[in-house]
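In case you want the letters, here they are:
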Amino acid sequence: MAVGAEAIFGDSVITTKLDSAIGWARESSMWPYIFGTACCAIEFMSVASSKFDISRFGAEVVRFSPRQADLMIVAGTISYKQAPVLKRIYDQMTEPKWVISMGACACSGGFYDNYTTVQGIDSIIPVDVYVAGCPPRPEALLNALAEIQKQQLKEESILKDRVNTEFKGELDA
Amino acid sequence: MHENFQEKFKDLYTKDSDGIYVLDKDDLHSAIKCLKDEDEFHFLVDVTAVDYSKYLYPKASRFCVVYLLRNKDFKEIITIKSFLDDQTLEIQSITDLFQSSNWAEREVWDQYGIKFLDHPNLKRVLNHQGFEGHPLRKDYPIIKGQICNETDDLMDEMIPRLAKKGYTKHDDLMFLNLGPAHPASHGTIRTFVALEGETIVSAVTEIGYLHRGFEKSCENHTYNQIIPYTDRLNYCSAILNNIAFAHTVEGMLGLTLPDRAQFIRVIVGELSRIIDHLVCLAANLVDMGALTNYWYLYNPRETVYTLFSKLTGARLTNSYMRIGGVAHDLYDGFEEDLNHCIKDIEKGMSDALSLVEKNRIFHDRTQNIGVVSAAEAINKGFSGPNLRASGVAYDMRKTAPYNFYESFDFDIAVGSVGDVYDRLMVRFEEIRQSISIIKQAMNKLPSGDIIVNDRAVSLPAKNDVYNSIEGVMNHFKIITDGVKVPTKEYYRAIEGANGELGFYIVSDGTGTPYKVKVRPPCFAPMSALPEMLEGGMIADSVISLGSLNIIAGELDR
Ligand code: SF4
């Protein structure tokens, strides 16, 4: 037996939580910004092309303006020289925003344990999902995307700001 | 031959055991000038330096600078070096002779702290401007990172460039950064331009955003451990980098590979060349707005990835070579998969060509854009398809054949103008030639070993490792100590997908190289980019850059 609005209006309405409705909408239209610097970016090309086809997950609208994107995919090695650029672009993205760290380099510096490579981008910006691999297979990246979609649907609330004020990276003064 | 040089400088040089001419630093500039003007050594391959402070054998002084040059027909190579005064660390710049030495010398300054007198702009090129110290010096700790807080504004380079053209920075110009995070910047290249309307008045390029310390990392890994690092130089054609590195080390060891190993190298190497060209063409056509071609040209790559995964275990970063041969033999059904790949590549290519070959828009966008003449291209250090597009038939597979390339029937594709159109069309044709080479190699593929049977180089069979103490020890020694390479300084190159891809290796007789320097084919063309762009439209800058096929991994190392 339907109660409330559904009892009065029948099938023409559904009641739900605002969070679920927004989560559902967000989940189906992530707009990624590809911060592709190295080999992992070539694997992203595979993810975007027809065999793996990221559009099956509603995330094919790749934006190269950070202001139009809500998902940053960091694909590749980040050097100290690159780090301020990464941070600046992350800061330019509007809330709410998510970050996938793709590949060993972005996650931990990978096998570049040396004077020029940032040992994990989470020392610069906050990261939501890490993807292992050097490079990760396209399926692994798609899995990370699905992981973020799950978070959006289940855990996010518009009442809670996604701005992570606690995060202090190496470049935050 | 270099008789004029030998004649003129006979009292001034000594020739060391590696065949390298050693000259006093004050004679170096005139020696190189003589080689260039009188002996027709027109092509500067590379400039690098060596820090001998931890070398096992004493040397005249701590640092030396090394120059590699090729003669007019590209067949002969000469290596010259000069030891520096430890107090001053100075040497005369050769930028007045070779344009390509500009960035090469900046790199030596950046990495070793050697000053080149009269260099027009001696500033860091790979590391950030706030970096202190010189990382390739032996006393610089490998893990000592230095945080960079700010990006260089490049005005110090822009203002003099503008002044040369009669502008000041207060003129009504628009300054714009293309990159380092820009979809068309192919990775991480930054071009800073001054615009008047849509015309580029002046441009400055900055690289180094993907500098990841390859050369320093090589100094604490054994030779075989370096192979995975080489994958990530030009990651669009990882196997060719593996081959180039292994080929150099094998040259130092004086090894001749079994025929089958060489043929396998040809087959997978050419396949890598094809997929490298495919990604270059696909990306370039997208940059022009011809999006459909991306799928036509990129999807065959997926077919090749499938084959590579079966053969090497990885799609992109294959690490398929070993010193002395290849890692595994071809699998059952390889030929069938290969034919399938070739069919897909041919189909993708003909589909793409049917859209662009006679397409007016394509012609208008690419012809006479980004023109580089043959003489300029040589002086600027171009090689590979970029040089051939300018009409110079230099291909290492013909000038210095290795792996039986002399026995294959194939043509060198050359352009006539040296514009974007030629650079793209040369790549299309090279794909065809590579397919033909692969087919010939498959027909002639001999049986036999795939790696040299030399217990100082290759691992013993698994059976011996498990069942005999000698086998275990042999295995253990090769893995932990590495392949021992005789004391030598040596340069060798192959035809990479982008051009001459060479390694200059200094060995002190141990299993770890003392120094490795890559000669990345796209470093020199990159330094020539600003001149290509100036005077052109902003939209053309994107395709001019794309047509050079700059791969940040090998550019910045
Ligand atoms: S994780 Fe591996 S594949 Fe990815 S950028 Fe780093 S080195 Fe390249």
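A few points about the domain arrangement of chain B
All names here are of chain B.
Stage number 1. By domain assignment, chain B separates into domain 1 (3-117) and domain 2 (214-521).
Stage number 2. Between domain 1 and domain 2, the C-alpha centre-to-centre distance is 29 Å.
Stage number 3. The largest share of the area that domain 1 buries against domain 2 comes from Phe43, Tyr55 and Phe74, three residues that together contribute 24% of it.
Stage number 4. There are three salt bridges connecting domain 1 and domain 2.
Stage number 5. For lysine 81, the salt bridge is made with glutamate 489, and the minimal N-O distance between the two is 3.0 Å.
Stage number 6. Across the domain 1-domain 2 interface, the total number found is 17 residue pairs in polar contact (both at pLDDT 80 or more).
Stage number 7. Elements that contribute at least two residues to the side of domain 1 that touches domain 2 include exactly strand E3 (43-51), strand E4 (63-70), strand E5 (77-83) and helix H3 (101-112).
Stage number 8. Broken down by element, the side of domain 1 that touches domain 2 gets its largest block of residues, nine residues, from E3.

Description of the environment of Gly133(B)
Stage number 1. Note on placement: Gly133(B) falls in the loop between strand E7 (115-117) and helix H4 (155-164).
Stage number 2. Residues in contact with Gly133(B), not counting those within four places in the same chain, are Asp110(B) and Arg124(B).

Some words on the interface of chain A and chain B
Stage number 1. With 37 residues of chain A in contact, the opposing surface of chain B contributes 51 residues.
Stage number 2. In this assembly, chain A packs against chain B so that about 3700 Å² is buried in total across both faces, 60% of it on carbon and sulfur atoms.
Stage number 3. Of all residues in chain A, the largest losses of buried area upon contact with chain B belong to Lys81(A), Phe111(A) and Tyr115(A), amounting jointly to 24% of the total for that side.
Stage number 4. Put simply, chain A and chain B have two salt bridges between them.
Stage number 5. Measuring nitrogen to oxygen at the nearest pair gives 2.7 Å for the salt bridge that ties Glu43(A) to Arg315(B).
Stage number 6. The tally of links from chain A across to chain B stands at 20 residue pairs in polar contact (both at pLDDT 80 or more).

Side note on unusual backbone geometry
Stage number 1. A cis amide bond, omega -10°, links Glu95(A) with the succeeding residue Pro96(A).
Stage number 2. Secondary-structure assignment places Pro96(A) in the loop between helix H4 (83-92) and strand E3 (98-102).
Stage number 3. In this model, Cys134(A) is joined to Pro135(A) through a cis peptide bond whose omega is -10°.
Stage number 4. Counting through the fold element by element, Pro135(A) comes out in the loop between strand E4 (129-131) and helix H6 (138-154).
Stage number 5. Positive phi outside glycine occurs at Asp53(A), with the angle close to 50°.
Stage number 6. Among the secondary structure elements, Asp53(A) is positioned in the loop between helix H3 (39-48) and strand E2 (71-75).
Stage number 7. Of the residues examined, Asp53(A) reaches a relative accessible area of 25% and is grouped as partly exposed.
Stage number 8. Here the phi dihedral of Leu89(B) falls at roughly 50°; this positive angle occurs in a residue that is not glycine.
Stage number 9. Relative to the helices and strands, Leu89(B) is located in the loop between E5 and strand E6 (90-92).

What counts, and where the lines are drawn
Residues numbered from 1 in each chain as written. Chains lettered and ligands numbered in written order. Predicted model: local features only at pLDDT ≥ 70, side-chain atom pairs only at ≥ 80, totals over all residues. Heavy atoms only, no water. Domains from an automatic or database assignment. Buried area = accessible area lost by both parts, 1.4 Å probe. Salt bridge = Lys/Arg side-chain N within 4 Å of Asp/Glu carboxyl O. Polar contact = N/O pair within 3.5 Å; in protein donor to acceptor, adjacent residues only side chain to side chain. Helix = DSSP H or I, 4+ residues; strand = E, 2+ residues; numbered from the N terminus. Contact = heavy atoms within 4.5 Å. Buried < 20%, exposed > 50% of the residue type's maximum accessible area, 1.4 Å probe, protein only.

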